[in-house]
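Examination of the molecular architecture
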Amino acid sequence: MYSLIKKHRLFLFVSLLVEIIALTILILLHIYLSYQGSFFVLALVSSAFVVYDAILGLVFSILIKRHKGKTEMTSAEILSNDLDEAYTFGEVGLLVCDSNDNIIWVNDFLASRIPDLVDTKIQESLPELSKVSKDGQWEKVEIKDNSHIFKVKLLPEARLYVFKETTEYVNMDSYRKKTAPVIGYLAIDNYYDVQQAMGDETKFAGAVFKAKSIITDYIESNDSLLRQIQQDRYILITTKEKYDHLVEDKFSIVDKVRKETEGFTISLGIAYDFPDYSKLSDMAASALDVALSRGGDQTVVAPFSHSMTFYGGKSELQPSRNRVETRSLSNAFVTNLRDSKYDKVLVMGHKNCDLDALGGEVGVYLLCRKYGVKCKCCFEEQLVDNATRLAVDTLYRSDEKKEVFLNMKEALEYLDDKTLLVLVDHNSFDLSMFSDIAQKASYVAFIDHHRPGKKKIDNPVFPHIDTSASSTSEILTSFITYSQDDIAIDRRTATLLLAGISLDTRFFKEKTSAATFEACSQLKNYKADTAKVDDLLKENLDDYKRKNLITSNVQVPMTDVLLATGPEDTYFMDATLSIAANELSSLRGILCAMAVGKTDSHTVKISCRSSGEVNCQKLMETLGGGGHLTMAAATFHDVSIEEVVNQIKDKLNEYLDDVIISPNNG
């Protein structure tokens, strides 16, 4: 049409030029020849030119109208009826633009979906098409005004846009995601403990009925299915859409049960994002196990192939172990040590190994020696704290050190596919003293008292986490003393186990139970050297000075929260940060204390401590760390202390209310 207009303009220009020349000649002839009929000739020619211009304008108007009509022809005229019907059946739209991005033609299917497109600019009518690439790739474009969704492909040479409607498929996919299965297990954490504490069966039955009513009403109000499978356990079946409502509510049922019942707390393990119900059930059961091992009173969500997410966790798990259970666990662990699949055992503590990890190592070594299992412990001077280094140097002769301990190079040579690796005082390869070596082990067991984090060890042969224990040394002491065989603890091992308990309880100021003192009593019976324990846990002058560098620079970002920072140009041991945080948290009226300092030129660490009013683990998890309810830590790389402090303040503002533990939380 534009070429026709150009022709029209050219004809008009030539015609006017000819007319002007002709009229000029006639006027000159009239003036100079001046014969009587010249005026009539001039008038006649002028009239002819006017008529000619009118006819020319009319002809071109008709031609332009016809040409425009051609651009509005139906798809049937261009594509034939059969082909047009095929495009309509396949829900394929076609759109053609000219070189100026004017829409000159659309097929009937696209016109029925998006009307009034012809003779408009594509940028104005369909601005979404600006996202379509020029390389011929399909793009997903949503036409919002008409609630249609298309995949669009551009054929640049032909200036042709091909539309494939996907509205139905997108809606079906959205429906599939909303109705995807979600499986969960709900457990009353302390069902039997509350039963034993109440004594009165009638009162207990009433308390259980109230708890069940609260749980059932909450789940049914979210249009989900809940069925009891044991006295203290339920199965939950829902959809992803209803699960999202539970997430928005932050699983308030956990807090509601704790606040409105007589001592009960609950935990949930939930799994989704996998089509197989059996697999989801296994994932949900594992998530519930993690929730219980972290202390209960929380929800753990395990999406398939993604990291676990944690909600709640404001209560500390109360000790419920008895001697029969401890003896069973001890026997199970010993059975694993003596399994014929293994030729030898390698015991490994965590990075910056402390006295509790060392106590765990020598406790496992003692059990192996008792049952004739070849065993070695990991020890690298650069990867242990000062107190641990001092303990090994003063309690072991050089030949004994070579007999018991291996450095990194020796551990790598010692480990093979028939070695059982036992991790003590941690439950993640990332935290292991020799993490690269640990990940190569074919068989792994772990014994720990810290709540598990998001990274789990797959298929451990003996996974034992007791968050109610004060320390790993306490757990190993109970394993030894309650073993089915009579195992004597030598004085050196007893001293190291007692040192580990003393360290993690801060000389019995926190996280102690009857089991803790019972373990200490057993160790004292085996001549544990309390004077040596006291000496090992003393600060040296250099540590004291460095600790004061941190504690002398304290700010109060929120009421009852202390935040201490070391200088940017000074490096601190992890233990120094822990000691500083411990000291600050012991001050009257302080809910939580954090010590922040550099451990090397690229690393900043936080040590967080509380006396039980704040869940340190949850707080540090928001910063990418983890740990225990009353002690946790986080690590940052290639950032300044000031940047870390700002992140801490942001997280305190956002999460402090969620991590504060009310007095009735157990």
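Summarised in this report is the structure supplied together with it. (Residues numbered from 1 in each chain as written. Predicted model: local features only at pLDDT ≥ 70, side-chain atom pairs only at ≥ 80, totals over all residues. Heavy atoms only, no water.)

1. Some points on the sheet that holds strand S6 (residues 181-188)
The test is simple: Strands were regarded as paired on the criterion that DSSP finds at least two bridges between them. The way it works is that DSSP assigns letters per residue, a run of H or I at least four long becomes a helix, a run of E at least two long becomes a strand, and they are numbered from the N terminus. Fitted lines through C-alpha atoms give the axes, limited to the stretch in contact for helices. The angle between two N-to-C directions lies from 0 to 180 degrees. Here, residues are in contact when the closest pair of their heavy atoms is within 4.5 Å.
An order of S7-S8-S6-S9-S10-S11 is seen for the six strands of this open sheet, with the pairing classed as mixed. A strand with exactly one partner marks an edge of an open sheet, and here the two such strands are strand S7 (225-230) and strand S11 (309-312). With strand direction ignored, the average angle separating the axes of adjacent strands in the sheet is 20°. As defined by bridge partners, S6 adjoins strand S8 (residues 233-239) across seven bridges and the pair is classed as antiparallel. Looking at the pairing, Ile-183 lines up with Ile-237 of S8. Relative to the sheet, helix H10 (residues 240-248) contacts S6, S8, strand S9 (266-272), strand S10 (298-303) and S11, its axis offset from that of S8 by approximately 115°.

2. Observations regarding the pattern of salt bridges
Selection criterion: For this document, the term salt bridge refers to a Lys or Arg side-chain nitrogen within 4 Å of an Asp or Glu carboxyl oxygen. Relative accessibility decides the category of a residue: with a 1.4 Å probe and only protein chains considered, values under 20% of the type maximum give buried, values over 50% give exposed, and everything between is partly exposed.
Enumeration according to the criterion identifies 22 salt bridges in this entry. The residue Asp-297 makes a salt bridge to Arg-258 at a minimum N-O spacing of 2.9 Å. Of this pair, Asp-297 sits in the loop between helix H12 (277-293) and S10 while Arg-258 is found in helix H11 (residues 253-260), placing the two residues 39 residues apart along the sequence. With respect to burial, Asp-297 and Arg-258 carry one shared label: buried. Put simply, Arg-397 and Asp-399 hold a salt bridge, and the shortest N to O gap is 3.3 Å. One connected set of salt bridges, linked through shared partners, spans Arg-397, Asp-399, Glu-400 and Arg-492.

3. Remarks on the packing of aromatic side chains
Inclusion rule: The criterion for an aromatic pair is that two Phe, Tyr or Trp rings (for Trp, the six-membered ring) have centres within 6.5 Å, with stacked assigned to planes under 30 degrees apart, edge-to-face to planes over 60 apart and tilted to the rest. To sit over a ring, a charge needs its Lys NZ or Arg CZ within 6 Å of the ring centre and within 35 degrees of the ring normal.
Tallied over the entire structure, the rule returns 15 aromatic pairs. Between Phe-150 and Phe-163, the aromatic rings sit 5.6 Å apart at their centres with planes inclined by 90°, giving edge-to-face as the arrangement. One end of the pair, Phe-150, is in strand S4 (residues 148-155); the other, Phe-163, is in strand S5 (residues 160-165), with 13 residues separating them in the sequence. Taking the relative accessible area as the measure of exposure, Phe-163 reaches 0% and is therefore buried. Arranged with centres 6.4 Å apart and planes meeting at 70°, the rings of Phe-462 and Phe-479 form a pair that is edge-to-face. With Phe-462 in strand S17 (residues 462-465) and Phe-479 in helix H19 (residues 472-481), the pair connects residues that are 17 residues apart, well separated along the chain. Counting every residue linked through ring pairs, the aromatic cluster contains Tyr-191, Tyr-192, Phe-204 and Phe-264. Against the face of Tyr-272 rests Lys-240, its NZ or CZ located 5.2 Å from the ring centre. The ring of Tyr-414 is capped by Lys-344, whose NZ or CZ atom sits 4.6 Å from the centre of that ring.

4. Concerning the sheet that holds strand S18 (residues 554-558)
Sheet architecture is open: six strands sit in the order S18-S19-S20-S21-S23-S22, paired in mixed fashion. In this open sheet, the two edge strands, each paired with only one partner strand, are S18 and strand S22 (626-627). Sheet analysis places strand S21 (residues 603-610) next to strand S23 (residues 631-637), joined by seven bridges and oriented antiparallel. Note that in S23 the partner of Arg-609 across the bridge is Met-631. Of the strands in this sheet, S18, strand S19 (561-565) and strand S20 (592-600) touch helix H23 (residues 541-551), which is tilted by about 120° from S19.

5. Thoughts on empty space enclosed by the protein
Applied cut-off: Only protein atoms enter the 1 Å grid, on which a cavity is a set of points fitting a 1.4 Å probe that cannot get out and a pocket is an open set with protein on both sides within 12 Å along at least 5 of 7 lines, lining residues being those with an atom within 4 Å of a point. Grid points are joined across faces, edges and corners, and a volume is the space filled by probe spheres set on the points. Following the grouping adopted for this structure description, the nonpolar residues are Ala, Val, Leu, Ile, Met, Phe, Trp, Tyr, Cys and Pro, the charged ones are Asp, Glu, Lys and Arg, and the polar ones are all others, Gly among them.
Considering all chains together, one arrives at two cavities of 30 Å³ or more under this definition. Empty space within the largest cavity amounts to approximately 70 Å³. Those elements that place two or more of their residues in the lining of the largest cavity are helix H14 (355-370) and helix H20 (491-504). Residue contributions to the lining of the largest cavity peak at three residues, all from H14. Residue composition of the lining of the largest cavity, grouped by class: four nonpolar, one polar and three charged.

6. Describing unusual backbone geometry
Residues other than glycine seldom take positive phi values, yet Asp-101 does so here, at roughly 60°. Within the secondary structure layout, Asp-101 lies in the loop between strand S1 (92-97) and strand S2 (103-106). Given a relative accessible area of 30%, Asp-101 falls into the partly exposed group. A positive phi angle is found at Asp-638, which is not glycine, with a value near 55°. For Asp-638, the position within the fold is in the loop between S23 and helix H26 (641-659).

7. A closer look at the pairing of S1
Summarising burial for S1: six of the six residues are buried, a large majority. Of the two faces of S1, the one holding Val-92, Leu-94 and Val-96 and the one holding Gly-93, Leu-95 and Cys-97 are both buried throughout. Across five bridges, the pairing between S1 and S5 is antiparallel. What sits directly across from Val-92, in S5, is Lys-164.

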